[in-house]
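If you want the building blocks of each chain, they are given just below.
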2 protein chains.
Amino acid sequence: MADICGRADGRFVMAGDSPGRTTYRVVQTEILRRITGGPWGPGTLLPTEEDLAQQFGCARATINRALREIDELGLIDRRRKSGTRVRLAPVRQARFEIPLVRAEVEATGAAYRYSLVHREMPDAPDWLRARLNLAPGAVALHLICMHFADGAPYQLEDRWINITALPQAEDHDFDLQGPNEWLIATVPFSEVEISFEATAAGVAEVTHLNHRSGDPVFHVKRTTWWQGAAITHVGLSYRAGHRMTARY
Amino acid sequence: MADICGRADGRFVMAGDSPGRTTYRVVQTEILRRITGGPWGPGTLLPTEEDLAQQFGCARATINRALREIDELGLIDRRRKSGTRVRLAPVRQARFEIPLVRAEVEATGAAYRYSLVHREMPDAPDWLRARLNLAPGAVALHLICMHFADGAPYQLEDRWINITALPQAEDHDFDLQGPNEWLIATVPFSEVEISFEATAAGVAEVTHLNHRSGDPVFHVKRTTWWQGAAITHVGLSYRAGHRMTARY
DNA sequence: CAGTGGTCTAGACCACAAC
DNA sequence: TTGTGGTCTAGACCACTGG
């Protein structure tokens, strides 16, 4: 937390900042301090924005921005007419970045390598037709790929692409570039549903990730839509011991 | 996406909204449309805020707010002097709410039940001393609890509490209320590190969650700090088939 | 009905970074 | 040096909602 000093004139300034100007960050920090450690415990009704603006010696817009961001953190509850109240139990949330495998691997300092294991275009199985909302008898592009970190298996990718919605995929060569990178370049802004679970290693994981049959596998499923149409569904299996971490 | 109409005077208004006033949401929606489906593909340099303000017929502050939020979505990259550019690959992130077990269970419509399985106060093991930064020879409160959904095992909680930092915990009775609920009421605003992984069922999971030995388990580890001191560390094991989902 | 937050405006100064 | 975003201000009107 930044150093804050209350001055004789009632203004607050960030230590080391040019005085005379109250920034919204200073207000934010001070209000957070009062909520998390000070007099404004859970359930407290805060002063109105106007009052706070007077107390801090700044414009109401500055208070508003500070409070709006504290609201986004899930610590307070704001309502017209009722005012701003400290939540009894803060709404906790964690944010995870969803990186490209390449970036994920290279961030660890390891060398990244990609390899296409399998490619075919069969009739879409029933579960996929349901997931991607495909017509009966539709075919889909099925790719199995491996991602390596310093030569060691890192992630197994089992992907299906809806070639009705994305016919360019049929002619694209996925030998050198992973389908995810191609898709991000082709359909950069999409809607995504992602889920995480623990599964047991099957034949594919045993073959490609050096798991033993039945070993626990950290598994991700992801479905992507673009302009209302389902584009692709992918299953990602990670090497043993993979862990996803966040702070909040 | 909301309906947008461009008017003869160059202003944009939300369909059904009172005309004559351009809201930041309208600006946002229109800019998003241009980025995700229109002329402003990846890499495009956007007009300056001032230019956009003129084009939309609104104040620069309105444009600023619209762009700031699009920036938070990870779609654009903003820099002084350089301007605002559409990211080549959007920075994707998923947000997960971290609910109380009780809320998690009750959200599914099931009845929630809690039970304290085990309680003791041994010397802290080495790995815990390292994790919570405890003095050599320190004792810690160890609790094992079960959470049920409609009578079926839902989550196994293996928790350690630092009683040096939180001495009230020693005298509290955890028979009726889970330690998490007590902690949230006692230490509402804390720093958290959380991680997810797939592990193999051990003795505890076999005993309490009806897993078979070695079964894949979705496992969460969480460490919590308050005012610089580590308060508690908990391991959460979920029933078979548990899945965590988000959209973005 | 009236209090409170939600948002817009016009103008201003500043900080940073590319040149 | 200068262009661009970052932020503050003072004032205003509006929308929601509790009493």
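Report follows, based on the coordinates. (Residues numbered from 1 in each chain as written. Chains lettered and ligands numbered in written order. Predicted model: local features only at pLDDT ≥ 70, side-chain atom pairs only at ≥ 80, totals over all residues. Heavy atoms only, no water.)

In this section: the relation of the copies chain B and chain A. Rotating chain B by 180 degrees and moving it 0.0 Å along the rotation axis overlays it on chain A with an RMSD of 0.2 Å. Between the two chains, the operation in question is that of a two-fold axis. A share of 98% of the interface residues of chain B reappears at the interface of chain A, consistent with the copies meeting face to face through the same patch. (Least-squares fit on C-alpha atoms with pLDDT ≥ 70 in both. Contact = heavy atoms within 4.5 Å.)

With respect to spatial proximity, 24 residues lie near DNA strand D, and among them T23, Y24 and T62 of chain A together with R60 and R78 of chain B are the closest. When the atoms of DNA strand D within 4 Å of the protein are grouped by moiety, sugar and phosphate amount to 67% of the total. The contact in question runs from a phosphate oxygen of DNA strand D to an N or O atom on the side chain of T62 of chain A, over 2.6 Å. Contributing elements (two or more residues each) for the surface near DNA strand D: α1 (24-36) and α3 (60-72) of chain A together with α3 (60-72), β3 (76-79) and β4 (83-86) of chain B. Here the residues of the surface near DNA strand D are counted per class, giving 4 nonpolar, 8 polar and 12 charged. (Near = heavy atom within 4 Å. Polar contact = N/O pair within 3.5 Å; in protein donor to acceptor, adjacent residues only side chain to side chain. Helix = DSSP H or I, 4+ residues; strand = E, 2+ residues; numbered from the N terminus. Nonpolar A, V, L, I, M, F, W, Y, C, P; charged D, E, K, R; others polar.)

Listed by partner, the interface residues are 49 residues for chain B and 49 residues for chain A. Interface of chain B and chain A: buried area, both sides summed, is about 4600 Å²; carbon and sulfur atoms make up 54% of it. The largest contributions to the chain B side of the interface with chain A come from R92, F189 and Y248 of chain B, which together make up 16% of the buried area. Here chain B and chain A share 18 residue pairs in polar contact (both at pLDDT 80 or more) between them. With 10 residues, strand β9 (residues 191-200) of chain B is the single largest residue contributor to the side of chain B that touches chain A. (Buried area = accessible area lost by both parts, 1.4 Å probe.)

As a further point, take the nonpolar core. Across soluble globular proteins, nonpolar side chains show a tendency to be buried alongside one another. Core analysis: the biggest nonpolar cluster contains 68 residues, and I194, F196 and F218 of chain A together with I194, F196 and F218 of chain B have the highest contact counts within it. Residues in contact with I194 of chain A, not counting those within four places in the same chain, are I98, V220, K221 and R222 of chain A together with A94, M244, T245, A246 and Y248 of chain B. Among the nonpolar cores identified, the runner-up in size contains 18 residues, and I31, L32, L46 and C58 of chain B belong to it. (Core = buried A, V, L, I, M, F, W, Y, C linked by side-chain atoms within 4.5 Å. Buried < 20%, exposed > 50% of the residue type's maximum accessible area, 1.4 Å probe, protein only.)

A few words on unusual backbone geometry. Here the phi dihedral of N210 of chain A falls at roughly 60 degrees; this positive angle occurs in a residue that is not glycine. Relative to the helices and strands, N210 of chain A resides in the loop between α8 (203-209) and β10 (216-226). Residue N210 of chain A is classed as exposed on the basis of its relative accessible area of 61%. For D150 of chain B, which is not glycine, the phi torsion reads 50 degrees and is therefore positive. By the element assignment, D150 of chain B lies in the loop between β7 (141-149) and β8 (152-161).

Right, let's talk about the environment of R113 of chain B for a bit. Within the secondary structure layout, R113 of chain B lies in strand β6 (residues 112-120). Ignoring sequence-local partners within four residues, the contact set of R113 of chain B consists of M146, H147 and F148 of chain B.

Locating L45 of chain A in the fold gives a position in the loop between α1 and α2 (49-56). Spatially, the C-alpha atoms of L45 of chain A and V86 of chain A are 6.6 Å apart, while their sequence positions differ by 41 residues.

With that out of the way, let us pick up the protein's contact with DNA strand C. Not every one of the 24 residues close to DNA strand C is listed here, only the nearest: R60 and R78 of chain A together with T23, Y24 and T62 of chain B. Measuring from a base nitrogen of DNA strand C, one finds a side-chain N or O atom of R60 of chain B at 3.2 Å. Where the surface near DNA strand C is concerned, the elements lending two or more residues are α3, β3 (76-79) and β4 (83-86) of chain A together with α1 (24-36) and α3 of chain B. Among the elements that make up the surface near DNA strand C, the one with the highest residue count is α3 of chain B (4 residues). Residue composition of the surface near DNA strand C, grouped by class: 4 nonpolar, 8 polar and 12 charged.

This paragraph deals with the sheet that holds strand β7 (residues 141-149) of chain A. With antiparallel pairing, the 7 strands of this open sheet are ordered in space as β6(A)-β7(A)-β8(A)-β11(A)-β10(A)-β9(A)-β12(B). This sheet does not close on itself; its edge strands, each paired only once, are β6 (112-120) of chain A together with β12 (243-247) of chain B. Pairs of neighbouring strands in the sheet enclose a mean axial angle of 15 degrees, with direction left out of account. Sheet topology note: the strand β8 (residues 152-161) of chain A/strand β11 (residues 229-238) of chain A ladder contains 7 bridges and is antiparallel. Bridge pairing links Q155 of chain A to Y238 of chain A in β11 of chain A. Across the sheet, helix α7 (residues 179-186) of chain A is in contact with β6, β7, β8, β10 and β11 of chain A; its angle to β8 of chain A comes to roughly 50 degrees. (Pairing = 2+ DSSP bridges. Axes fitted to C-alpha atoms, helices over the stretch in contact; angles between N-to-C directions.)

A separate point is the packing of α1 of chain A against α3 of chain A. All names here are of chain A. It is the contact of α1 with α3, at a shortest axis distance of 9 Å, that shows an interaxial angle of 50 degrees. Considering the angle they form, α1 stands oblique to α3. Relative to α3, the crossing made by α1 is right-handed. Along the contact surface, α1 presents Y24, V27, Q28, I31, L32 and I35, while α3 presents T62, I63, R65, A66, L67, E69 and I70. Of the residues in the contact of α1 with α3, the class split is 9 nonpolar, 2 polar and 2 charged. (Parallel < 35°, antiparallel > 145°, perpendicular 65-115°, else oblique. Left-handed = near helix turned anticlockwise from the far one by under 90°.)

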